[in-house]
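Notes for the structure review
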Amino acid sequence: MDYEIKSLSEYVECIQTCRKKIYEPISKSNDMILFRGHGNFSWKLLPKIFRKKEWFENEMVIINEILRQCPEAFKNLTPFETLVKMQHYGMPTRLLDLTGNPLIALYFACNDITQESEDGAVLIVNFPMFYENHIPVSSFLTKLFPESDNLFVQINKDSLDTICKNSIAVGIIPKLENYRIKNQDGYFILFTYIGEYETVFNPIEANNSIKDRIIIPSQYKKGILDELYICGIKESFVYPELENQIKCIVKKYSI
């Protein structure tokens, strides 16, 4: 169902209405209600790597070149941790960010300056999520990070290959290893698909995981960002690195 809001108070009221609903479960257990903010309401719920054919087809090349040029930055990290860190610094990956905090999702829906003339949206997603250490996450990434000595992968190669060719999406509750993920109350959905680019379909949209959609008309984005700022949801909180802390302080005295 679609809703439309014009202010932070209307948004909170809308979230309360949605949270009172009993959504049809996707799985027998592990379902979580999470949020995704889009600067453009027409965007598909897909990770960034699938948004450009060139990115998708050169995914391994990009990863290997990053590892070649910046080996120390990714030393002793698991494949999943490596992918999270690469996304953190701007690489288009097969990880889709979601948040458990609806205010963070609203911030993302309003703050994308490249989409300031477009209506934004917050999607309410019901999806099964698993703790990072409870599932073999790295095994789903063996095509990108080969592990020839991994016994689990060797034993389960056929089934893993099948998973990776059928657009499976795996919900992951990550460790809160940095302030950005912690402040954003971050979660990830890993898309395993490795087939031809033209045949990519969206398993999240295909299985009715998107339960509600809240539309933010473009003319109200700035006012809502001002309201979020008063509540502490601002750039220096969402992106707590020193550079953004300083930028936010300077901006405060530049108005």
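These numbers come from a predicted model, not from an experiment.

On to the overall build of the chain, then. A tally of regular secondary structure across the chain gives 12 helices and 7 strands. Sorting the 255 residues of the chain into buried and exposed places 45% on the buried side. The long-range share in the chain, meaning contacts at least 24 apart out of those at least 6 apart in sequence, stands at 78%.

Each regular strand shows side chains that alternate between the opposite faces of the sheet. Burial runs high along strand β4 (residues 120-131): 10 of the 12 residues are buried. When strand β2 (residues 31-38) meets β4, the two strands line up antiparallel, connected through 8 bridges. The residue bridging methionine 32 from the neighbouring strand is phenylalanine 127, located in β4. Of the pairings in the sheet, the one linking β4 to strand β7 (residues 210-216) comprises 6 bridges and is antiparallel in character. Counterpart to valine 125 in the pairing with β7 is isoleucine 210. Note that β4 and strand β5 (residues 169-173) share 3 bridges and pair parallel. Across the sheet, the residue bridging to phenylalanine 130 is isoleucine 172, located in β5.

For the rest of this paragraph, the subject is helix α1 (residues 8-19). In this model α1 runs 16 Å from its N-terminal to its C-terminal C-alpha over 12 residues, within 8% of the 16 Å that 1.5 Å per residue would give. Contacts from the buried residues of α1 go to β1 (2-4), β2, α5 (102-111), β4, β7 and α10 (221-230).

In this section: the nonpolar core. Counting residues in each nonpolar core, the largest one holds 24 residues, and the members touching the most others are Tyr11, Leu106, Val122, Ile214, Ile216 and Leu228. Mapped by element, the contributors of at least two residues to this core are α1, α5, β4, β7 and α10. Discounting chain neighbours no more than four positions away, the residues touching leucine 106 are Leu8, Tyr11, Val122, Ile216, Ile224 and Leu228.

A word on the state of the cysteines. Enumeration according to the criterion identifies 0 disulfides in this entry. Considering cysteine sulfurs only, cysteine 14 is the nearest to cysteine 18, which forms no disulfide, with 4.4 Å between them.

Moving on: the pattern of salt bridges. Two side chains carrying opposite charge are able to pair once their charged atoms lie near each other. Within this structure, the stated rule accounts for 8 salt bridges. Between lysine 175 and glutamate 81 there is a salt bridge, with the nearest N and O atoms lying 3.9 Å from each other. Here lysine 175, found in the loop between β5 and α8 (179-184), pairs with glutamate 81, found in helix α4 (residues 79-88); they are 94 residues apart in sequence, far enough to count as distant. Overlapping salt bridges bring together Glu81, Glu132 and Lys175 as one network.

Backbone geometry follows two general trends: most residues other than glycine have a negative phi, and most peptide bonds adopt the trans configuration. Of note in this structure, asparagine 76 is not a glycine but carries a positive phi near 65°. Within the secondary structure, asparagine 76 sits in the loop between α3 (59-69) and α4. Given the relative accessible area of 74%, asparagine 76 is considered exposed. In this model, aspartate 185 sits at a positive phi of 50°, which is unusual for a non-glycine residue.

What follows covers the side chain of glutamate 81. Owing to a relative accessible area of 14%, glutamate 81 belongs among the buried residues under this scheme. If we ignore the near neighbours within four places in the chain, the residues touching glutamate 81 are Asn76, Glu132, Lys175 and Glu177.

Two quantities define a packed helix pair, namely the angle between the axes and the distance from one axis to the other. Here α5 crosses α10 at 140°, and the two axes come no closer than 9 Å. As far as their axial angle goes, α10 and α5 are oblique. The two elements α5 and α10 cross, and the hand of that crossing is left-handed. Of the residues in α10, those touching α5 at Leu103, Leu106, Tyr107, Ala109, Cys110 and Asn111 are Lys221, Ile224, Leu225 and Leu228. Looking at side-chain class alone, the contact of α5 with α10 contains 8 nonpolar, 1 polar and 1 charged residues.

Within the element layout of this structure, lysine 221 appears in helix α10. Relative accessible area serves as the criterion here: at 3%, lysine 221 is assigned to the buried category. Residues lysine 221 and glycine 120 lie 101 residues apart in sequence; the distance between their C-alpha atoms is 8.0 Å. Beyond its immediate chain neighbours, meaning those up to four positions away, lysine 221 contacts Gly39, Ala109, Cys110, Gln115, Glu116, Glu118, Asp119, Gly120 and Ile216. A polar atom in the side chain of lysine 221 sits 2.7 Å from the backbone oxygen of glutamate 118.

So, how was this worked out
Residues numbered from 1 in each chain as written. Predicted model: local features only at pLDDT ≥ 70, side-chain atom pairs only at ≥ 80, totals over all residues. Heavy atoms only, no water. Helix = DSSP H or I, 4+ residues; strand = E, 2+ residues; numbered from the N terminus. Buried < 20%, exposed > 50% of the residue type's maximum accessible area, 1.4 Å probe, protein only. Contact = heavy atoms within 4.5 Å. Pairing = 2+ DSSP bridges. Expected span 1.5 Å × (residues − 1). Core = buried A, V, L, I, M, F, W, Y, C linked by side-chain atoms within 4.5 Å. Disulfide = S-S within 2.5 Å. Salt bridge = Lys/Arg side-chain N within 4 Å of Asp/Glu carboxyl O. Axes fitted to C-alpha atoms, helices over the stretch in contact; angles between N-to-C directions. Parallel < 35°, antiparallel > 145°, perpendicular 65-115°, else oblique. Left-handed = near helix turned anticlockwise from the far one by under 90°. Nonpolar A, V, L, I, M, F, W, Y, C, P; charged D, E, K, R; others polar. Polar contact = N/O pair within 3.5 Å; in protein donor to acceptor, adjacent residues only side chain to side chain.

In short, the description is geometric, and any link to function would need to be established separately.
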